[in-house]
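# Structure at a glance
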Number of protein chains: 2
Amino acid sequence: MGRRSDHGREELESLILDNGRQVMAESGYARFSAREVAKRIGYSVGTVMHVFGNVDRLVMEINARTFRLWSEWLEERLGGAEGRARIIVLVQGYFDFAQTHRNLWSAIYEHRVPEGMEMPETLAAERMRLTGVIAREVATVLPATEAANAAELTSSLIATVHGHCAFMLGGTFALLGVARPADLAAARVIETLHARGALIDA
Amino acid sequence: MGRRSDHGREELESLILDNGRQVMAESGYARFSAREVAKRIGYSVGTVMHVFGNVDRLVMEINARTFRLWSEWLEERLGGAEGRARIIVLVQGYFDFAQTHRNLWSAIYEHRVPEGMEMPETLAAERMRLTGVIAREVATVLPATEAANAAELTSSLIATVHGHCAFMLGGTFALLGVARPADLAAARVIETLHARGALIDA
DNA sequence: TTTTATATTGCACAGCGTTCAATTCACCTG
DNA sequence: CAGGTGAATTGAACGCTGTGCAATATAAAA
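Rules and cut-offs
- Residues numbered from 1 in each chain as written.
- Chains lettered and ligands numbered in written order.
- Predicted model: local features only at pLDDT ≥ 70, side-chain atom pairs only at ≥ 80, totals over all residues.
- Heavy atoms only, no water.
- Helix = DSSP H or I, 4+ residues; strand = E, 2+ residues; numbered from the N terminus.
- Buried < 20%, exposed > 50% of the residue type's maximum accessible area, 1.4 Å probe, protein only.
- Least-squares fit on C-alpha atoms with pLDDT ≥ 70 in both.
- Contact = heavy atoms within 4.5 Å.
- Buried area = accessible area lost by both parts, 1.4 Å probe.
- Salt bridge = Lys/Arg side-chain N within 4 Å of Asp/Glu carboxyl O.
- Polar contact = N/O pair within 3.5 Å; in protein donor to acceptor, adjacent residues only side chain to side chain.
- Nonpolar A, V, L, I, M, F, W, Y, C, P; charged D, E, K, R; others polar.
- Core = buried A, V, L, I, M, F, W, Y, C linked by side-chain atoms within 4.5 Å.
- Domains from an automatic or database assignment.
- Axes fitted to C-alpha atoms, helices over the stretch in contact; angles between N-to-C directions.
- Parallel < 35°, antiparallel > 145°, perpendicular 65-115°, else oblique.
- Left-handed = near helix turned anticlockwise from the far one by under 90°.

All right, on to the overall build of chain A then. The secondary structure content of chain A amounts to 10 helices and 0 strands. In sequence order, chain A lays out its α and β elements as α-α-α-α-α-α-α-α-α-α. Viewed in the frame of its principal axes, chain A has a C-alpha envelope of about 60 × 40 × 35 Å. Out of the 202 residues belonging to chain A, those deemed buried represent 50%.

Structure representation (structure tokens):
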């Protein structure tokens, strides 16, 4: 039983979030349970509910953390890469992250925000941060004439890669006999960038 | 209380499937319930479980039906369209179906087949049927030199459109300020087909 | 020390999927 | 037609789930 002297409010929040992330990573969204999180931190269910209001908000905060982790993962991988290689790193990094953190990644897309409940600011912010990393790289590669379309094009390219990644982890590609999903996605991205006059080699 | 004289085994199966589809359409995967289906058909939960073994199999059978509905939806829409228009119809039809049958469409991708449980034959078959419709149209448009890659390219194009559609219904595009997701997806598809030397006008 | 505010609990509730002994029923046999 | 048989169907039990809330425990203030 947790005493209030053990952890301050913020401390308790991140304690729940840390263990919540762990439960999500182990069990996946379908088997995620606030009760299990409570058990692990040695507090009762009521406390978890009191801190986050409801399970959906807890899941969304976990997802926000996943987005941050993901952004950092991509930035790290970009490291010293240059030119076309940076784009490939982004695509491959997208796939690698999803595969390495399968359950965390899936939870982002398996969770539906209930009607009438608004998305927490943190989730929107972290999502935009990830998009920002990619948008920056896309803008670098595009010619000046395409600058106005860069944001929209970035969204479209992310959607393209996302679709391939979702089909890989969801088993659709396995069913269709597709061997190297990441290469396919990369090919589509390069194609589009070329079509827009991007300054990268073939 | 259902008497066995009321419905034969097959009759009962499709009764469950019909009402199951309805519950799924109304409530979505997250709130789908075998008990609710049982209530609607006037049988007990045990009967539903007896016919389908477990809820996952029932969901997969419902999803198989959704795939069939989807294939027919696309074939109808292809109607008298010709050339490039057929490709646009496929892309737009993908989006329209998903939007019109939001919960049924989402259920396909929200449901994860539990480990150790194999996919029923019907689901795999209906999924391939849908892919077949699209593969046929892609093959028609591609030059003979690309025939060998047609199947893989088809899978990639479906993934591309799927990614855009998922982002639309999941709210990602709204967050990013993307206005016309279907047009974006269509642009990507046309780009790729052009890059492969497809015989369609710009 | 007593009061006050609130963090925390633990139970109740309604729902879920799954299991299974008991029951009901349709049909076959004599 | 009567009795037996096997399968269909039930309904309760079990262990989960998220949520709400009155009661309690506790730290801080008076």
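Let's pick the thread back up.
What follows deals with the relation of the copies chain A and chain B. Superposing chain A onto chain B takes a rotation of 180° plus a shift of 0.0 Å along the axis, which leaves an RMSD of 0.0 Å. The transformation just described matches what one would write down for a two-fold rotation axis. Looking at the rotation axis and the C-alpha trace of chain A, the residue lying nearest is Gly163(A), at 1.8 Å.

If you look at the interface, chain A gives 36 residues, while chain B gives 36 residues. Contact with chain B buries surface across chain A, with Arg112(A), Phe167(A) and Leu175(A) losing the most and accounting together for 19% of the total. Linking chain A with chain B are 4 salt bridges. One salt bridge in this structure joins Arg112(A) and Glu110(B), with 2.9 Å as the shortest N-O distance. At the boundary of chain A with chain B, the tally comes to 16 residue pairs in polar contact (both at pLDDT 80 or more). Among the secondary structure elements, those contributing two or more residues to the side of chain A that touches chain B are α6 (102-110), α7 (121-141), α8 (150-170), α9 (172-176) and α10 (181-195) of chain A. A total of 12 residues in the side of chain A that touches chain B trace back to one element, the largest contributor, which is α8(A). Each residue belonging to the side of chain A that touches chain B can be placed in one class, and the counts come to 16 nonpolar, 12 polar and 8 charged.

Turning next to the nonpolar core. Within the largest apolar cluster, 93 residues are counted, with the highest numbers of intra-cluster contacts made by Trp70(A), Trp105(A), Leu193(A), Trp70(B), Trp105(B) and Leu193(B). Beyond its immediate sequence surroundings of up to four residues, Trp105(B) is in contact with Thr66(B), Trp70(B), Tyr94(B), Phe97(B), Ala98(B), His162(B), Cys165(B), Ala166(B) and Leu169(B).

A few words on the pattern of salt bridges. Opposite charge on two side chains permits them to pair, given that their charged atoms come into close proximity. Residues and elements named next belong to chain A. By the definition in use, this model includes 30 salt bridges over all chains. Across the salt bridge formed by Arg9 and Glu13, the nearest N and O atoms sit 3.4 Å from each other. Taken as a pair, Arg9 and Glu13 lie in helix α1 (residues 9-31) at a separation of 4 residues, close to a single helical turn. A relative accessible area of 47% means that Arg9 is categorised as partly exposed. Note that Arg40 and Glu26 form a salt bridge whose closest N and O atoms lie 2.8 Å from each other. Note that Arg40 is positioned in helix α2 (residues 34-41) and Glu26 in helix α1, a separation of 14 residues in sequence.

Accessible area lost when the parts come together is the quantity often used to give the size of an interface. Residue and element names in this part refer to chain A. Taken domain by domain, chain A holds domain 1 (1-53) and domain 2 (61-195). On the side of domain 2, 9 residues touch domain 1, which itself brings 14 residues to the contact. The largest contributions to the domain 1 side of the interface with domain 2 come from Leu17, Arg21 and Tyr29, which together make up 57% of the buried area. Remark: the boundary between domain 1 and domain 2 carries 1 salt bridge. The shortest N-O distance in the salt bridge between Asp18 and Arg65 comes to 2.6 Å.

How two helices pack is summed up by the angle between their axes together with the distance between the axes. Residue and element names in this part refer to chain B. Between helix α1 (residues 9-31) and helix α2 (residues 34-41), the least distance of the axes is 9 Å, while the angle of their chain directions is 125°. One way to sum up the angle between α1 and α2 is to call them oblique. Pair α1 / α2 crosses with right-handed handedness. Of the residues in α2, those touching α1 at Leu15, Ile16, Asn19, Gly20, Gln22, Val23 and Glu26 are Glu36, Val37, Arg40 and Ile41.

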